[in-house]
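# Report on the structure
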Amino acid sequence: MKIKEDGATKWFRFIAYVVVLTGSVLCLLPFLLIISASLTSNEEIVREGYNLIPSSFTLDAYKIVFMFPEDLLRAYGVTTFVTIVGTAIGLLLMTMAGYVLQRKDFKYRNFFSFFIYFTTLFGGGLVPYYMLITNYLKFGNTMNALIWPSLMTPFLIILMRSFIHSAVPDEVVESAKIDGANDFVIYYRVVLPLAVPGLATVGLFLALHYWNDWFHSALFINDTAKYQLQFYLYNIINTSNFLNSIGAGAGVVLSGPVPSESMKMAMAVVVTGPILLLYPFIQRYFVKGLTIGAVKG
Amino acid sequence: MVGKQKKVLHLFISLVLVLTLLAACSNNSKTNNEPSPAPSKSTTTEGTNAEGNESSISGIDTSERVELQFYMLGNAPKDLDKVEAQVNEWLLEDLNATVKFNYTTWTDWDQKYRLLLSTGQDVDLIFTAEWTQYQQYAKNGAFMRLDELLPVAAPKLYEFVPQDMWEAVKIDGNIYTVPATYKEYVTGGFVWREDLRVKHNLPKPVDIETFEAYLAGIKQNEPNIQPLAVGQDVGATLEDAYLDFQRQRVGAMPYGLHASYSDPSNIVGYWGSEEHLTDLKRYKSWADNGYFSKNELNETDGNQDKLTNGTAAAMLSDNPTRYNSVLNQMKALHPDWDLAYHPYGLTLGYATPVHPIHNGFAVPKNSKKAERALAFYELMVTDKRYNLLTQYGFEDVNYTVEDGYYKMIGDNTTNGFVREAMNGWAWRNPEYMIFEPSYDGVEAIFNELDKIQVPDIYTGFAEDYTPYQAERAALEQVEKQYLYPLMAGLVDDVEDGLKTFMEKANQAGLEKIQESYKQQWLQYLQESGHN
Amino acid sequence: MSKTMVHKKKGLLHELNKNKILFLMLLPTLLYFLINNYVPMIGIYYAFVQFDFHSTNMFQMAFIGLKNFEFLWKSGKLIQLTINTIGYNIAFIVLVNGLAISVAVLLSELRGKWFKKITQSILFLPYFVSFVILSVIVFNLFNYDQGVLNTVLEKLGAEPINLYAKPTAWIFLIIIFFLWKNFGYSMVIYLASITGISEEYYEAAKIDGANIFQRSWHITLPMLKNTFVILLLFALGGIMKGQFDLFYQMVGNNGLLFSTTDILDTYVYRSLRVTFDMGMATAAGVYQSIFGFALIMTVNTIIRKINKDYALF
């Protein structure tokens, strides 16, 4: 489709390029700083601060991060497993909920929306939640404790509801109904294909949520083999922070590797890797007109 | 429309209420049902206690096999599984039990520690120390009273720990933890770069004046090195250290209260006093002279790191063991540099070895296997096999003994169980301990301090802050906001700044806290006979 | 009253029967929130008792009324904390959404597959930088002795600045770093929403002679309103909570900056760090919740009045 660009369009594009490029540089610069620091020796960072180009090149920080490669790989494995399973189940449940909650003929949709939303306002705090997971659900020290807590969030459900609402015209549902399809079939055959951009977005966020999670490992997991990647690395940083903060009077002296500034940076690089792979994959669905094509098809 | 919304809201709220009630009831019944074995069990344990007291020779009942849940702070060593498997092999034979070693990691460990104790988890043994708030937990009833259990379940251990140590860990007259018997010092001392001191012919820091002279010399001669490393926590690295030395206080008393070691019952308000002002002005002069940075409160590097990396030249205080480990790290990186250490005790004429509360293991109140737990802990401490294995790993795999010294096999990255990898500070047994050659330096310091040792009379005090906990929390914030900048030398007019701080502190209820604390402290002194 | 109740009941049963598949589809979600969120709400009761270890459950603990809330106003800072918290959140909401919407609109009109893909990924990158690391970078930019800023100033012959002693500067710095880290997330949501806008609208507008600015202004922006309202309502619900890590990591223990950078979450954390009393921690949460609840009910009612479709419930 080649349409001749008018003046306004040219201007618009120009502004767009400038803004997007500036933004990209601002987002990228600190990241380059991080990459550079991760390749600099720790001593040099402490002495001279950060530089965009490493003044001395070393892989020491990555060596510490990958010191026990089998542990790191296992942590990758745990995170990947939890992310895939959690995202799959979560998406299924949230798309169903989102679909039901936007159906105009579903009388209690507002009530149930509020039922879900309300949980973002009030919570019982950490202690009862800890008891729920460990004492009642008996999820302590299992993968369930990593998957269950992040399965659904009110925000993503409501977002899903809105995506479906705007992507699926009421008439489409109506006509499917007249054709005799039941509500689940409509959801499965008609709604899901139409809501692909929404699915991709919500799925991306849910996956990120799982990927970045370290808190639930910290709380519920005792078994080193079940640590999530983020926790595995985060804990190395925390150990060094703890050693820095603990007063001399506690007399805690730990042997073992000394985590360092450059290590923190190497860690940031290691955990960011996957998004560079995942995001472009998701982007495929952010193309205008995709929904229309689906309707027509 | 609004009316409809209201209706929905009403309906919703009533639903929530009903659900909450239901949940509460079911929870109630659950909590009533579930622990029902607990009370009955605890009565049986009490029963056996009583029986045990009558016929304690027979020891404990080990007919039923149990798994003990052991909780320690920090990170689990890599080869924990192997050690655990070996321990369990022995333990099954000895006590018909197995143990699971759990580690909290250092991420949010304090929060996790509290959750473990306050939500009725299955925990049979857990580490205690004054810095994990042993005194408060014991006072609030989180741990099991061990006085009767110990002679029955762990008679050997009961014998092994000297009586005065059992006395020292008592809270309100009861034993709640098993103390470690290894004697060490975690008292402070000046740390400085010895090579720089010699190079510029500076005085050896033995008191604040000579320390200042050293700092001045470094500032003058080494423009690229920050004379003094302070870091974010100025309260601990600056004020605590300074007061320990300069004002010989009995312990790190909170709420700006002060009592000296020589006269502990003379407890006075330090905050806002002339002395306080003098000290703050001194910190300020250090900041103004550029001994430490203007941004210490936001510093992200650790003080020890700054020493080993050569960005700072001294620390006001560190304990002998950590000084020694920093020295070794530095030697590894820069063989031609040197660190030196002067323990405060040598100048002050007294030093307090660690209080028995410093390292210990307690049995939480909810434990249903208390007897077996204590019997197992006895093995950990007194049985050489258990002790060596859990402290050093497998001989010839993880370590060897050479000329009576501990020698690690491989290095930190290849060895899955380095020395004291299980953080076994509490079950150290002086009779079995083996050290690396570098420990000789620490031992030399300890030997010197031994000559001037006096008991720690502060740590045994268990404060009860329930009467003023709101004020306490509010004060915590005031201290950070108004006092920390003063200490870090960031407020130009110190006198005025101190006035503001005192105003805000009094507003938060400082007087009420101080009154109550004083009272408790004096009462403790009287009861413990330290008066 | 009773009549309407009966009517309601019949209505519910009728509805259940009519839409039983829809109910079934929603059921797992409802159960999840019931178990995961509503049941632990009993814990709110902790805010009103004195926690102790002797009791087997909280209903046996001593009821102490509002005593656990006292620490919030004892320091005399509650009002300032509340203002700070709300102020920052409002700034975040306005700026993040403004920026995210503009960039999303611009991006959506760009051609060039690779350029788009790469820039989108880059704009999303900061989301992955944890605040711990961000604080390290910030410290290295702004610290007095060796910071990048002062090194540059020195080279230009200007006086060095001690930013860590300038509370007002941190209002802007914190907002900027929040934007930097988080706008990518919202941008993706808006991009996805734009994707859902039917191409037909644009075609029709083109035929009417609307240029690209007009099309963006009159078609794209209005179509994003719905998404904006959702983001707004969720942000408002959490207006008393906020970005603990951001503030805590940036400011740390630096009391000099507290007057402009202390929010409720950091205050509660600092105050309870040593004590960590369960009752007081819960009390702080209850205060935040009630405030958020009141706010959200008001805003939702207003939105409902304006346009029913945009209301959350």
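How each quantity is defined
- Residues numbered from 1 in each chain as written.
- Chains lettered and ligands numbered in written order.
- Predicted model: local features only at pLDDT ≥ 70, side-chain atom pairs only at ≥ 80, totals over all residues.
- Heavy atoms only, no water.
- Helix = DSSP H or I, 4+ residues; strand = E, 2+ residues; numbered from the N terminus.
- Expected span 1.5 Å × (residues − 1).
- Buried < 20%, exposed > 50% of the residue type's maximum accessible area, 1.4 Å probe, protein only.
- 1 Å grid on protein atoms, 1.4 Å probe; cavity = no way out; pocket = protein on both sides within 12 Å on 5 of 7 lines; lining within 4 Å.
- Points joined across faces, edges and corners; volume = space filled by probe spheres on them.
- Nonpolar A, V, L, I, M, F, W, Y, C, P; charged D, E, K, R; others polar.
- Contact = heavy atoms within 4.5 Å.
- Buried area = accessible area lost by both parts, 1.4 Å probe.
- Salt bridge = Lys/Arg side-chain N within 4 Å of Asp/Glu carboxyl O.
- Patch = residues over 30% accessible without salt bridge, like charges linked within 9 Å, V, L, I, M, F, W, Y side chains within 5 Å.
- Areas by Shrake-Rupley, 256 points an atom, 1.4 Å probe, with all protein chains shown as cover.
- Pairing = 2+ DSSP bridges.
- Axes fitted to C-alpha atoms, helices over the stretch in contact; angles between N-to-C directions.
- Phe/Tyr/Trp six-rings, centres within 6.5 Å; stacked < 30°, edge-to-face > 60°.
- Parallel < 35°, antiparallel > 145°, perpendicular 65-115°, else oblique.
- Left-handed = near helix turned anticlockwise from the far one by under 90°.
- Domains from an automatic or database assignment.
- Polar contact = N/O pair within 3.5 Å; in protein donor to acceptor, adjacent residues only side chain to side chain.
- Core = buried A, V, L, I, M, F, W, Y, C linked by side-chain atoms within 4.5 Å.

## A short note on helix H5 (residues 109-121) of chain A
Residues three or four positions apart in an α-helix share a direction because the helix packs 3.6 residues into each turn. Residue and element names in this part refer to chain A. Compared with an ideal rise of 1.5 Å per residue, which puts 13 residues at 18 Å, H5 spans 19 Å between its outermost C-alpha atoms and is within 8% of the ideal. Counting buried positions along H5 yields 12 of 13 residues, so the element is predominantly enclosed. All buried positions along H5 are accounted for by Arg109, Asn110, Phe111, Phe112, Ser113, Phe114, Phe115, Ile116, Tyr117, Phe118, Thr119 and Leu121.

## So, empty space enclosed by the protein
Under the defined criterion, the tally for this structure stands at 7 cavities of 30 Å³ or more. A volume near 60 Å³ is recorded for the second largest cavity. What lines the second largest cavity is a set of 11 residues, and nearest its centre among them are Phe163(A), Ala167(A), Pro197(A), Ala192(C) and Gly196(C). Among the elements of the structure, helix H8 (154-167) and helix H11 (196-212) of chain A together with helix H8 (167-195) of chain C are those that each provide at least two residues to the lining of the second largest cavity. Tallying contributions element by element places H8(A) first for the lining of the second largest cavity, with 3 residues. Considering only residue class, the lining of the second largest cavity consists of 6 nonpolar, 5 polar and no charged.

## Remarks on the interface of chain C and chain A
Listed as interface residues are 92 residues of chain C and, on the opposing side, 103 residues of chain A. Buried surface at the junction of chain C and chain A, both sides included, amounts to about 9,000 Å², of which 75% is carbon and sulfur. Of all residues in chain C, the largest losses of buried area upon contact with chain A belong to Met25(C), Tyr32(C) and Phe128(C), amounting jointly to 8% of the total for that side. At the boundary of chain C with chain A, the tally comes to 0 salt bridges.

## Structural notes on a nonpolar patch on the surface
A contiguous nonpolar patch, built from Trp11(A), Phe14(A), Ile15(A), Val18(A), Val19(A) and Phe213(C) and spanning about 560 Å² of accessible area, is present on the exposed surface. For the nonpolar patch, the leading source of residues is helix H1 (residues 7-38) of chain A, giving 5 residues. Relative to the helices and strands, Val19(A) resides in helix H1.

## Looking at the pairing of strand E11 (residues 399-402) of chain B
Residues and elements named next belong to chain B. Sheet topology note: the E11/strand E12 (residues 405-408) ladder contains 4 bridges and is antiparallel. Bridging from a neighbouring strand, Glu402 pairs with Tyr405 of E12. What sits between E11 and E12 in their antiparallel hairpin is a turn of 2 residues, with Asp403 showing a positive phi close to 50°.

## As for the sheet that holds strand E10 (residues 360-362) of chain B
All names here are of chain B. Taken together, the 5 strands give an open sheet; going across it, the order is E2-E1-E3-E10-E4, and neighbouring strands pair in mixed fashion. For this open sheet the edge positions go to strand E2 (97-103) and strand E4 (177-179), each flanked by a neighbour on one side alone. Averaged over all neighbouring strand pairs, the angle between strand axes comes to 25°, with direction disregarded. Pairing geometry for E4 and E10, over 3 bridges, is antiparallel. Within E10, the residue paired with Thr177 across the bridge is Ala362.

## Here's the deal with the packing of aromatic side chains
Taken as a whole and judged by the stated rule, the model has 92 aromatic pairs over all chains. Here Phe115(A) and Tyr38(C) contribute two aromatic rings whose centre-to-centre distance is 4.4 Å and whose plane-to-plane angle is 20°, an arrangement assigned as stacked. Pair noted here: Phe115(A) is in helix H5 and Tyr38(C) is in helix H2 (residues 20-38), and the two residues belong to different chains. Pair check on accessibility: Phe115(A) and Tyr38(C) agree, each one buried. With a centroid separation of 6.4 Å and 55° between ring planes, the pair formed by Trp131(B) and Trp425(B) is classed as tilted.

## Let's talk about the packing of helix H14 (residues 320-333) of chain B against helix H18 (residues 439-450) of chain B
All names here are of chain B. Contact pair H14 / H18: the axes reach a minimum separation of 9 Å and the direction vectors enclose 150°. As judged from the angle between their axes, H14 and H18 are roughly antiparallel. Helix-helix and strand crossings are classified by hand; for H14 and H18 the assignment is right-handed. For the pair H14 and H18, the contacting residues are Pro320, Thr321, Tyr323 and Asn324 in the first and Tyr439, Gly441, Val442, Ile445 and Phe446 in the second. In terms of residue class, the contact of H14 with H18 is made up of 6 nonpolar, 3 polar and no charged.

## Considerations on the domain arrangement of chain A
It is common to report an interface's size as the accessible area lost on association of the parts. Residues and elements named next belong to chain A. Here chain A is partitioned into domain 1 (7-58) and domain 2 (62-296). Taken together, the contact between domain 1 and domain 2 spans 10 residues of the former and 9 residues of the latter. Here domain 1 and domain 2 share an interface that buries about 770 Å² over both sides, 72% of which is from carbon and sulfur atoms. Among the residues of domain 1 in contact with domain 2, Ile34, Ser38 and Asn42 are the three that bury the most area, contributing 52% of the side total. Counting the contacts that link domain 1 with domain 2 gives 0 salt bridges.

## Side note on the sheet that holds strand E8 (residues 314-315) of chain B
All names here are of chain B. Across the sheet, 3 strands lie side by side as E8-E5-E9; this open sheet has antiparallel pairing. Strand pairing shows two members of the sheet lacking a second neighbour, E8 and strand E9 (339-343), which therefore form its edges. Here H14 sits on the sheet in contact with strand E5 (189-193) and E9, set at roughly 175° to E9.

## Section: the interface of chain B and chain A
Between chain B and chain A, the contact holds 51 residues from the first and 51 residues from the second. In total, about 4,400 Å² of surface goes out of reach between chain B and chain A, with carbon and sulfur atoms giving 58% of it. Inspection of the chain B/chain A interface yields 2 salt bridges. Its salt-bridge partner being Lys78(B), residue Asp71(A) comes within 3.8 Å of it at the nearest N-O pair. Our count for the chain B to chain A interface comes out at 10 residue pairs in polar contact (both at pLDDT 80 or more). Contributions of two or more residues to the side of chain B that touches chain A are made by helix H1 (2-33), E2, helix H4 (109-118) and H14 of chain B. At 9 residues, H1(B) tops the list of elements feeding residues into the side of chain B that touches chain A.

## Brief notes about the nonpolar core
In this structure, Trp131(B), Phe143(B) and Phe376(B) are the most contacted members of the largest nonpolar core, which totals 331 residues. Counting residues per element, this core draws most heavily on H8(C), which supplies 18 residues. One finds Ala312(B), Leu327(B), Phe435(B) and Val442(B) within the second-largest nonpolar core, a separate group that totals 28 residues.

## A word on the domain arrangement of chain B
Residue and element names in this part refer to chain B. By domain assignment, chain B separates into domain 1 (61-183 + 356-442), domain 2 (189-348) and domain 3 (466-528). Here the C-alpha centre of domain 2 lies 33 Å away from the C-alpha centre of domain 1. Every contact between the two is made by 4 residues of domain 1 and, on the other side, 4 residues of domain 2. Buried area between domain 1 and domain 2, both sides added, is near 260 Å², and the carbon and sulfur share of it is 56%. Put simply, domain 1 and domain 2 have 0 salt bridges between them. Where domain 1 meets domain 2, there are 2 residue pairs in polar contact (both at pLDDT 80 or more).

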